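Coordinate analysis (summary)
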Amino acid sequence: MTARDLWQAFSQADRDPDALALGDLTRRTAVDRVTELAQRLRAQGVRPAQPVGLQGPNRPEWVLGLLALIAAGACPLLLPADSPPAETHRLLRTAGARRTLVVDPDGADRAVLTGESERADRGLATGETDSEPPAHAPGTLLLASSGSTGTPKVVARSPRSVLDEGVRYHRAGLARPDDRVLLPLPLSHAYALGWLAGALVAGAHVDPVPPRAVGAVHARLRERATVLVTVPGLARVLARRRALADDAPFPALRRVMAGAGYVDAELDALWTRTIGVGVSRNFGSSETGAVLWGEPGLPSGAVGHPMPGVRVDLLDPEGRPLPGSGAAQGELAVVLEDGSTHRLHDLADRDEHGVHRILGRARLGVVRRGARWVSTMEVESVLRTAPGVADLSVTATGPDDSDDQGLTVEYVPADPELAAPRRLQAYARAELAAYKVPDSFQPRFRLRRSAVGKAQAAPVYRLAAARPDTPAEQVLAAALAELGLPPLLAGGAAATDLARTAGLRADVLSPVLDTACALGLLATDSASAGPPDAGVYPPDVVLAGRALAARVRGDALDEGPRPPAAPAGPPPPDAGLRAAVARLLAEAAVDGTPLEIGDGGVPRSADAEYGACVVVGGVHGPAARLGSLAALLKPKGLLVVADTFVSDPLTLTDETSRTTVVRWLVDGHLHWWTAQELRAGLEAVGLRVEEIRAAEQEPYTVLTARKTS
């Protein structure tokens, strides 16, 4: 490559200027837009080598913003679109960035530069230079990475490094000039950045879409996409959706690439059987980009051979490369095109054909149990197929240097009986060798995950400076005080440590602490604000706080009249919502009379198979068990759920969602915070979600699912 950076690779490519290059934009239009935006950024004081944040949804405008910052000589800091404000500010501070380019494709001005320039902030006169030299060369890309290590950091990738990775994809034939590359990935992630670079270097058409826009991805696959770049979780959803659809196949699709996760043979077989295209593999790191890739048909966990231009070694425990190229096991290390060597801190097997299989992170994802190594990713992959498991994470316990570490499973059950710990343990014993069976199975209400699905480390909670003003905040504050947690939180503590110290239920305590963070009462990224002032709350708030504290302690609640739960929570469903559900059932031509399930859950006498079941306002209280719901339906039977959800329980931005979540906590109905989490639960019990849409009657969402035949 003769180009200096991604902008030159894109703008100087010898391609048809009127052909589509980025979403619905032609190459000519995209180049003009980037040139105009880069000039505006320079006029607004963006200087060469200055770190500038870039944030926005997965749309073509994000790519235009990235190229414009590179063209202006800035160092773009790629901020995850779903990061809460506190995390965004922390990343900006770490990178030394004072300004952020916010791209909004739906706004009148598609890209707005926020924050104050360093020159204005320091009061420097025009023409003066800064006393400190820039930390990075112009055009360096700064990636926010938590990776698999659990330690947030900012990784710097030089313009040459990013271009080299793009050339790897092109030389391997993964990205071709005539390709239409579909990217439903967080563009701020290193995996998506590498593929973006590959498509730009190859001169291919790039189509970025939001990661959760399953319908949009499905439509583009039917219309024009030749390469789909995805993660294993989304790949499973897309294949299952295609299996239920009666439309045309994906006519142009030639490759499906799944990275940033464990790819098993079952997923490969699912795509091959359903679409006729198997799943390729991709592996790399934020520092190096992609370094391994493999064709479909590989065993579970295998990621193939080194990419062009990269040398991959396996190191022994002393850090020395193992001789030869045959079968071996060791820590991965790569030598890149520029001669630099990187230890990836991942353990891998290499077979006699040179195919690498990733075991997991050294000291994190690979566990020593007696004389054997166990990959937590392999155990996760197997246990995810257990009946009733909606989400699951496997972690090691005990000292890193122990010869006999433990394994703990935390999982979200779609049905407390179907996925009871004893049943999941029995499934593990039937599917895994004895030395791979975990020691502990802990049900949870939700697991913390990043945008690409990686399990996130348990946070340390501390007291924040916010005062509880609204009823929702006061209920949480009263519950924390009732549990005696403020003194323990003053120095910072994780949920498991608090539960062990105070004798509380960790599974119930975690969502309470997360909600307290979302309401500003606790924080995970700052020093403690000290013990709060003792609050005097109304009697109904105190009673609601005590009820919540009793649940966290695991106390049995009296069967008598319940205390008034403050705040009031979402309104009951009205006639308009029920009429909308009735119209939906009429359009679906249900076989027989639908069964409606309310707050009482599934009737004990309801043992027949129905053509349809309707749950209105009942998922959160008390929720019908999803396994029982699925058992009520005939094959191809329809389930309709109309209930309230929140967009993200970790970032509650409006008072309605805050009130709703606190009401759920007080009443003990903690499952299915988001509609996407409910989707995972329904799929875990054998249903296929067909549609999720907002109802006209706020704040309800209507979800339809069908039982497979």
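Residues numbered from 1 in each chain as written. Predicted model: local features only at pLDDT ≥ 70, side-chain atom pairs only at ≥ 80, totals over all residues. Heavy atoms only, no water.

Secondary structure assignment for the protein yields 21 helices and 31 strands. Classification of the 709 residues of the protein by burial places 52% in the buried group. The contacts of the protein with a sequence gap of at least 6 include a subset with a gap of at least 24, amounting to 65%. (Helix = DSSP H or I, 4+ residues; strand = E, 2+ residues; numbered from the N terminus. Buried < 20%, exposed > 50% of the residue type's maximum accessible area, 1.4 Å probe, protein only. Contact = heavy atoms within 4.5 Å.)

All right, on to the confidence of the model for the protein then. Confidence in the prediction for the protein averages 84 pLDDT; 86% of positions are at 70 or higher. Summarising per-element confidence for the protein, the mean pLDDT is lowest in helix 5 (residues 118–122) (46) and highest in strand 9 (residues 180–183) (97). (pLDDT = per-residue confidence, 0-100.)

Strand pairing in a sheet relies on backbone hydrogen bonds. The paired strands run either parallel or antiparallel. Ordered in space as 27-28-29-31-30, the five strands form an open sheet in which the pairing is mixed. Across the chains shown, the open sheet's two edge strands, defined by having one partner strand only, are strand 27 (595–597) and strand 30 (687–694). Strand-to-strand twist in this sheet, taken as the mean axis angle between neighbours without regard to direction, amounts to 15°. On the sheet, helix 18 (residues 575–588) packs against strand 27, strand 28 (610–616), strand 29 (633–644), strand 30 and strand 31 (700–707) and is oriented at approximately 160° with respect to strand 29. (Pairing = 2+ DSSP bridges. Axes fitted to C-alpha atoms, helices over the stretch in contact; angles between N-to-C directions.)

The subject of this paragraph is helix 15 (residues 495–502). Looking at helix 15, one finds that the buried residues are Ala495, Leu498 and Ala499. The buried residues of helix 15 occupy an angular sector of 100° when projected down its axis, which confines them to one face. Summarising the geometry of helix 15, the exposed residues directed more than 90 degrees from the buried face are Arg500 and Thr501. On its buried face, helix 15 sits against helix 14 (486–489) and helix 16 (506–518). Directly beyond the C-terminal end of helix 15, a positive phi value near 70° is found at glycine 503. (Arc of directions from axis to C-beta.)

Where helix 16 meets helix 17 (residues 539–553), the axes come as close as 7 Å, and the angle between the chain directions of the two elements is 140°. Classified by the angle their axes make, helix 16 and helix 17 are oblique. Residue-level contacts link Val508, Leu509 and Val512 of helix 16 to Leu548, Arg551 and Val552 of helix 17. Taken together, the residues that form the contact of helix 16 with helix 17 break down as five nonpolar, no polar and one charged. (Parallel < 35°, antiparallel > 145°, perpendicular 65-115°, else oblique. Nonpolar A, V, L, I, M, F, W, Y, C, P; charged D, E, K, R; others polar.)

A complete count under the given rule lists 32 salt bridges for this structure. Aspartate 349 is the salt-bridge partner of arginine 357, the closest N and O atoms lying 2.8 Å from each other. What makes arginine 357 partly exposed here is its relative accessible area of 27%. On the basis of relative accessible area, aspartate 349 is assigned to the buried category, the value being 19%. (Salt bridge = Lys/Arg side-chain N within 4 Å of Asp/Glu carboxyl O.)

What follows covers the pairing of strand 4 (residues 75–78). In strand 4, alternate side chains face the same way, and those of Cys75 and Leu77 on one face and Pro76 and Leu78 on the other are all buried. In this region the chain leaves strand 3 (residues 51–55), passes through helix 3 (residues 60–71) and returns to the parallel neighbour strand 4; the handedness of that crossover is right-handed. Bridging between strand 4 and strand 7 (residues 141–145) involves two bridges; their strand directions are parallel. In the strand pairing of strand 7, leucine 78 is matched with leucine 143. (Right-handed = clockwise from strand over helix to strand, strands pointing away.)

With respect to the helices and strands, the residue valine 389 is situated in strand 22 (residues 389–397). Residue classification places valine 389 among the buried positions, given a relative accessible area of 7%. Sequence separation between valine 389 and alanine 680 is 291 residues, and the spatial gap between their C-alpha atoms is 8.6 Å. Discounting chain neighbours no more than four positions away, the residues touching valine 389 are Leu383, Arg384, Tyr411, Val412, Ala419, Leu424 and Ala684.

Looking now at the pairing of strand 5 (residues 99–103). Along any regular strand the residues' side chains alternate between the sheet's two faces. Strand 5 sits mainly inside the fold: four of its five residues count as buried. Across four bridges, strand 3 lies against strand 5 in parallel orientation. Bridge pairing in strand 5 links glycine 53 to threonine 100. Relative to strand 6 (residues 111–115), strand 5 is paired through five bridges, and the arrangement is antiparallel. Within strand 6, the residue paired with valine 102 across the bridge is valine 112.

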